[in-house]
Amino acid sequence: MSEITPLRNTVRNGSGLKRVGGLWGECLAEFLGTFVLILFGDGVVAMAVAALPGSGRTAGANIFFQGAGDWLLITWGWALAVTMGVYVAGGVSGAHINPAVTLAFAVRRKFAWNKVIPYIVSQVVGAFAAAALLYLVYYNAIDAFNKALGDQPRDSGKGFITFSIFATFPAPYFNGNLTIPFIDQVVGTALLVILVVAIVDARNAAVKASMAPLMIGLAVAAIGMSFGANAGYAINPARDFGPRLFAWMAGWGDVALPGTASGIPGAYSWYFWVPIVGPLVGGVVGVILYDWFIGDILHARRALAEAPETGRNPEPGRSTDTGGTAEED
């Protein structure tokens, strides 16, 4: 079987598609990497929330999240989703698959600023497309779950339950106050970027390149297990906004955009900006903290190790033939 695809052959022959090897190709990789991320990540939520209850595999048709085990299903599902997304796109674009990572790398890792907007657009579009496909696959399960709730409209007070398949919302104990959910997103994303930068930093105790996606997936699992309940640990603006936009178009109305749920415990409003702004701030904070506490130290040590050795001049009248050696500075 030939390894030369029609696209490769066209590029090789110089038909004008050589741009696939540049920014356009990187954007395609970011699109597909984010698409895979959301397909598996939101897919595991769809399984837990709608598909498993509706298929008779739980205690009831509208019963889910009965214990910590259900949350572990979500966290491990997202960990694998991130791992697979990074494996898919890593060799082409570096697999940011997250606007917070893209912005952080532009701020502190010399990532070209002219690539930031194209990367982010590709990530959001990839997330949106994955949500649309997921909706097609799980439409019947979502419909059955809503009927089990008593034919609740998607944009009703209980609509946020099936909406949670696509995007995030704050826990009821915040009573609609968005301050701590915002801080939660800053902290979670800062941790994510600190761990990502540490994993890929060749100056540090870096893992083999082939293992980096798995390590990043484990980092996401750790964040989900430790910080997930407050606000669903979006820690990725594209992961939240792309599917949120699709959910709004698919009938979840204000529950999706602007992110308002009323008539429920802990009702909240205008939440959509939190999982966008919070991660962007957190990503920059994370990369700066890493450099302050670790990166600058590693840089200083490398600079000292690579500096040429210098010696002191012998003392006046002292012979250089006595076997004495010059002292290092």
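Refer to the structure above for everything that follows.
Reading the values: rules and limits
Starting afresh in each chain, residues are numbered from 1 along the sequence in its written order. Where local features are concerned, this predicted model is filtered to residues with pLDDT of at least 70; where side-chain atom pairs are given and counted, the filter is 80 or more; whole-chain, interface and lining totals use all residues. Side-chain metrics rest on all non-hydrogen atoms present in the structure, leaving aside hydrogens and water. Starting at the N terminus, helices and strands are each numbered in turn, a helix being any DSSP run of H or I of at least four residues and a strand any DSSP run of E of at least two. A 1.4 Å probe rolled over the protein chains alone gives each residue an accessible area, and that area as a share of the maximum for its type sets the label: buried under 20%, exposed over 50%, partly exposed in between. Any two residues having at least one pair of non-hydrogen atoms within 4.5 Å are treated as being in contact. Here the Shrake-Rupley method, with its probe set to 1.4 Å, supplies the accessible areas, and only the displayed protein chains count as covering residues. As used in this structure description, the phrase polar contact means that two N or O atoms lie within 3.5 Å; if the pair is within protein, one of them must be able to donate a hydrogen and the other to accept it, and residues adjacent in sequence are counted only when both atoms belong to side chains. Here the expected span of a helix is defined as 1.5 Å times the quantity of residues minus one. Side-chain rings of Phe, Tyr and Trp, where Trp is taken by its six-membered ring, are said to pair if the distance between their centres is within 6.5 Å; with planes under 30 degrees apart they count as stacked, over 60 as edge-to-face, and otherwise as tilted. Each patch is built from salt-bridge-free residues with over 30% relative accessible area, joining like charges within 9 Å and nonpolar side chains (Val, Leu, Ile, Met, Phe, Trp, Tyr) within 5 Å. By salt bridge we mean one thing: a side-chain nitrogen of Lys or Arg within 4 Å of a carboxyl oxygen of Asp or Glu. For helices, the axis comes from a line fit to the C-alpha atoms of the stretch in contact; other axes are also lines fit to C-alpha atoms, and the angle between any two N-to-C directions lies between 0 and 180 degrees. We call two directions roughly parallel when the angle between them is under 35 degrees, roughly antiparallel when it is over 145, roughly perpendicular when it lies between 65 and 115, and oblique otherwise. Crossing handedness is defined as follows: a turn of the near helix away from the far one that is anticlockwise and smaller than a right angle gives a left-handed crossing, while the clockwise case is right-handed. Classification used: nonpolar for Ala, Val, Leu, Ile, Met, Phe, Trp, Tyr, Cys and Pro, charged for Asp, Glu, Lys and Arg, polar for all others including Gly. What is meant by a nonpolar core is a set of buried Ala, Val, Leu, Ile, Met, Phe, Trp, Tyr and Cys residues, joined one to another through side-chain atoms within 4.5 Å.

Draft legend 1. Seen up close, the overall build of the protein chain. The helix and strand inventory of the protein chain stands at 10 helices and 0 strands. Counting from the amino terminus, helix and strand elements in the protein chain follow one another as α-α-α-α-α-α-α-α-α-α. For the protein chain, with 329 residues in total, the buried portion stands at 43%. Contacts in the protein chain between residues far apart in sequence, at least 24 positions, make up 74% of those at least 6 positions apart. Accessible surface for the protein chain amounts to roughly 16600 Å². Of this, 64% is attributable to carbon and sulfur atoms.

Draft legend 2. Representation of the side chain of Glu 26. Mapped onto the elements of the fold, Glu 26 is located in helix α2 (residues 23–54). The class of Glu 26 is buried, set by a relative accessible area of 13%. Within the structure, Glu 26 has its side chain in polar contact with the side chain of Lys 115 (distance 3.1 Å). Beyond its immediate sequence surroundings of up to four residues, Glu 26 is in contact with Val 92, Ser 93, Lys 115 and Tyr 119.

Draft legend 3. Representation of helix α7 (residues 179–200) within the structure. Between its terminal C-alpha atoms α7 stretches 32 Å, which fits the 32 Å expected from 22 residues at 1.5 Å a residue. Its buried side turned inward, α7 meets α4 (99–108), α8 (212–231) and α10 (274–306).

Draft legend 4. Representation of the side chain of His 96. Tracing the backbone shows His 96 in the loop between α3 (68–93) and α4. In this view, His 96 contacts Glu 30, Val 101, Thr 102, Phe 105, Phe 111, Tyr 119 and Gln 123; residues no more than four positions away in its chain are not counted.

Draft legend 5. The arrangement of the packing of aromatic side chains in detail. Per the counting criterion, the structure on display carries 15 aromatic pairs. Residues Phe 31 and Phe 35 carry aromatic rings whose centres are separated by 6.1 Å and whose planes lie at 20 degrees to one another, so their mutual orientation is stacked. Linking Phe 31 with Phe 35, this pair stays in helix α2, spanning 4 residues, or about one helical turn. The class of Phe 31 is partly exposed, set by a relative accessible area of 28%. With a relative accessible area of 16%, Phe 35 lands in the buried category. Aromatic side chains Phe 182 and Trp 273 sit 5.6 Å apart centroid to centroid with 40 degrees between the ring planes, which places their arrangement in the tilted category. Remark: Trp 273 occurs in the loop between α9 (237–252) and α10 and Phe 182 occurs in helix α7; sequence separation between them is 91 residues.

Draft legend 6. Fine view of a nonpolar patch on the surface. Among the surface-exposed residues, Phe 40, Leu 72, Trp 76, Leu 80, Met 84, Tyr 87, Val 207, Met 211, Leu 214, Leu 218 and Met 225 lie close enough to one another that they form a single nonpolar patch of about 960 Å² accessible area. Secondary structure elements with two or more residues in the nonpolar patch: α3 and α8. Ranked by the residues each element gives to the nonpolar patch, the list is headed by α3, at 5 residues.

Draft legend 7. Geometry of the packing of α2 against helix α5 (residues 116–148). Running from amino to carboxyl end, α2 crosses α5 at an angle of 25 degrees, the nearest separation of the two axes being 7 Å. Judged by the inter-axis angle, α2 sits roughly parallel to α5. As for the relative orientation of α2 and α5, their crossing is right-handed in sense. Residue composition of the contact of α2 with α5, by class: 24 nonpolar, 5 polar and 3 charged.

Draft legend 8. Structural context of the pattern of salt bridges. Enumeration according to the criterion identifies 7 salt bridges in this entry. Its salt-bridge partner being Glu 26, residue Lys 115 comes within 3.1 Å of it at the nearest N-O pair. One end of the pair, Lys 115, is in the loop between α4 and α5; the other, Glu 26, is in helix α2, and 89 residues separate them in sequence. The residue Arg 109 makes a salt bridge to Asp 291 at a minimum N-O spacing of 2.7 Å.

Draft legend 9. View of the nonpolar core. Core analysis: the biggest nonpolar cluster contains 69 residues, and Trp 78, Ile 142, Ile 165, Phe 166 and Trp 252 have the highest contact counts within it. Beyond its immediate chain neighbours, meaning those up to four positions away, Phe 166 contacts Asp 42, Ala 131, Tyr 135, Ile 142, Arg 239, Pro 243, Phe 246, Ala 247 and Trp 252.

Draft legend 10. Fine view of unusual backbone geometry. At the junction of Leu 257 and Pro 258, the peptide bond is cis and its omega measures out at 15 degrees in the coordinates. Tracing the chain through its elements places Pro 258 in the loop between α9 and α10. Residues other than glycine seldom take positive phi values, yet Tyr 233 does so here, at roughly 40 degrees. Mapped onto the elements, Tyr 233 comes out in the loop between α8 and α9. For Tyr 233, a relative accessible area of 5% translates into the label buried. Even without a glycine there, the phi angle at Trp 270 is positive, about 50 degrees. Inspection of the secondary structure puts Trp 270 in the loop between α9 and α10. Given a relative accessible area of 53%, Trp 270 falls into the exposed group.

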